[in-house]
Amino acid sequence: MMLQDGPVQLLCLTANSGVPLFTRGSSKPLPFSVIGSLNGVHMFGGGQGVSLLSCGTGGGGKVVWRVFKDSVMLIAVSGGQRSESSLTEEELYLQRLLDNVWGCMVLVLGQDEIVTLRNVERLKRDLRACFSLIDLLLEERQQSIMGNLTHCADSLLPPNPALLQEAMAGFAQAADSECGCLVIHGRIAAATEKWCHLMPQEVVLLLALIKTLSKSGSSSCDYPVFLPQTSPTVALRLLRFQLLPGADVCVLCGPTPSLHRAESQLLCQFWSPLVDSLRDCLAIGERCLPPSVTQRQDVLSLMLINRETHRSFSCVRAPSHQPDPVLPSRARCWELLKLFYIFSVTRYFHQEDSPFEEQTRSSSDDFLQGFSHQPQQCYLVTEECKCYGLQTSQHQLFLLLPLSVPTFALRSVANQTLSQIVTSTGF
């Protein structure tokens, strides 16, 4: 739990010949000889009938390999000082990162363009269109976005959800689309039913793409996308419009409507009457909860996942005017929350839809042999805080609390927090 993040270097090579396609991450790239060695040891293992997945480095880092569609090899190399248990958690994060990077490549270029590998130099040029999206995934490890780890869409619970939901449904229908969402500060505030039925990873990657498009400074765009699992070979149009700074609405559609018609006719019709509601959503910020929900003062941070809808929201307690030196900082709370999530889902909350199911099946099965039942709650006491996890048939809740909270009170705090949020918001 106490690992310190080090830089992550991401390498992409052709699977058969080992030709480098791109590198991202650390400002100091790995030497070509090291890249060749990382590729060579993997190829040597493959020639001996061994699939090399990961290894530790002498300096406390980790190296992870993944081959996708027998065409592209992705390698992630992390640095930093880590304990043996933290190295396991680091591997899980890197495996998820490689999975998301491959999804980004398919989202932007389409699967056929990558798998066929007709011209390596052309593919190198085309892959540049993915760099901003890949860089965002690398940056979000230090930020408050959790979806790239959980594969549950980061959400915001608005004060007036019915009004926004009605406007979103009407706007999508008028734009000849069944798939659309309203995004506030990178989080879903309202979405159509079809959008909610997309694969969880696709929703997470689309949110990341919308965020990068918003940073471009344009108020609207018409962007072709391939859904990595639903439509990896046929492109759809992603229409994205900025309603207010920090508030975007988007739809996935076919050849109609034109960008000009949607922007000039439909935006004002459906969203102008809701400017005040949008500003109320923007005011919530990273709290992600409407003002009507009172948050306990002894909760440092929390994440609540709806296992049925694959949506989640997370928040960290607002900083006080006089920060308590005993409590971890906001940035550290986000980091600890992510680490406790990995700790819980790989050791206790073992289920088929876990994002780490394939990577951790053998190790977690060995761990769970000591239990005669499926654990539904867990807690962890560290040098910085106390952590509590709670799982029900519909939800997973992860809490960080100060060391001053008695350990025997953790369960009641978790149950009270879950009940209060679900009752107030229906999440």
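Residues numbered from 1 in each chain as written. Predicted model: local features only at pLDDT ≥ 70, side-chain atom pairs only at ≥ 80, totals over all residues. Heavy atoms only, no water.

K.L.:
Any details on the overall build of the chain? Residues and values, ideally.
P.N.:
Helix and strand counts for the chain stand at 14 helices and 16 strands. Out of the 427 residues in the chain, the part that is buried amounts to 55%. A sequence separation of at least 24 residues applies to 64% of the contacts in the chain between residues at least 6 apart. Carbon and sulfur atoms make up 53% of the accessible area of the chain, which totals about 18600 Å². (Helix = DSSP H or I, 4+ residues; strand = E, 2+ residues; numbered from the N terminus. Buried < 20%, exposed > 50% of the residue type's maximum accessible area, 1.4 Å probe, protein only. Contact = heavy atoms within 4.5 Å. Areas by Shrake-Rupley, 256 points an atom, 1.4 Å probe, with all protein chains shown as cover.)

K.L.:
Would you mind going over the packing of helix H5 (residues 131-139) against helix H9 (residues 200-215) in detail, with residue names and values included?
P.N.:
Axis separation between H5 and H9 bottoms out at 10 Å; the angle between their running directions is 110 degrees. It follows that H5 is roughly perpendicular to H9 by the angle criterion. Of the residues in H9, those in contact with Ser 132, Leu 133, Leu 136 and Glu 139 of H5 are Leu 205, Ala 208, Leu 209, Lys 211, Thr 212 and Lys 215. (Axes fitted to C-alpha atoms, helices over the stretch in contact; angles between N-to-C directions. Parallel < 35°, antiparallel > 145°, perpendicular 65-115°, else oblique.)

K.L.:
So what's going on with the sheet that holds strand E16 (residues 395-401)? Which residues, and what values?
P.N.:
Taken in spatial order, the six strands of this open sheet run E6-E13-E12-E16-E15-E14, and their pairing is mixed. Two strands lie at the open edges of the sheet, namely strand E6 (153-154) and strand E14 (377-381), each paired on one side alone. Bridge count for strand E12 (residues 301-306) against strand E13 (residues 311-316) is six bridges, and the pairing is antiparallel. Residue pairing across strands places Leu 302 opposite Cys 315, the latter belonging to E13. Across the sheet, helix H14 (residues 410-425) lies against E12, E13, E14, strand E15 (386-391) and E16, angled at about 125 degrees from E16, the strand it touches most. (Pairing = 2+ DSSP bridges.)

K.L.:
Break down the sheet that holds strand E4 (residues 62-68) for me, citing the residues and quoting the values.
P.N.:
The sheet built from five strands is open, its strands ordered E2-E1-E5-E4-E3 with antiparallel pairing. Only two strands of the sheet have a single neighbouring strand rather than two, namely strand E2 (20-24) and strand E3 (54-56). The average undirected angle you get between the axes of adjacent strands in this sheet is 15 degrees. With seven bridges connecting them, E4 and strand E5 (residues 72-78) associate as antiparallel partners.

K.L.:
Now, about the pattern of salt bridges: what can you tell me, with residues and values included?
P.N.:
Under the counting rule described, the total for this entry stands at twelve salt bridges. Arg 122 serves as the salt-bridge partner of Asp 126, at 3.7 Å between the closest nitrogen and oxygen. Taken together, the residues Asp 126 and Arg 122, both in helix H4 (residues 120-127) and four residues apart, mark about one turn of the helix. Using a relative accessible area of 23% as the deciding quantity, one classes Asp 126 as partly exposed. Residue classification places Arg 122 among the partly exposed residues on the basis of a relative accessible area of 47%. Each of Glu 113, Arg 122 and Asp 126 takes part in salt bridges that share partners, so that together they form one network. (Salt bridge = Lys/Arg side-chain N within 4 Å of Asp/Glu carboxyl O.)

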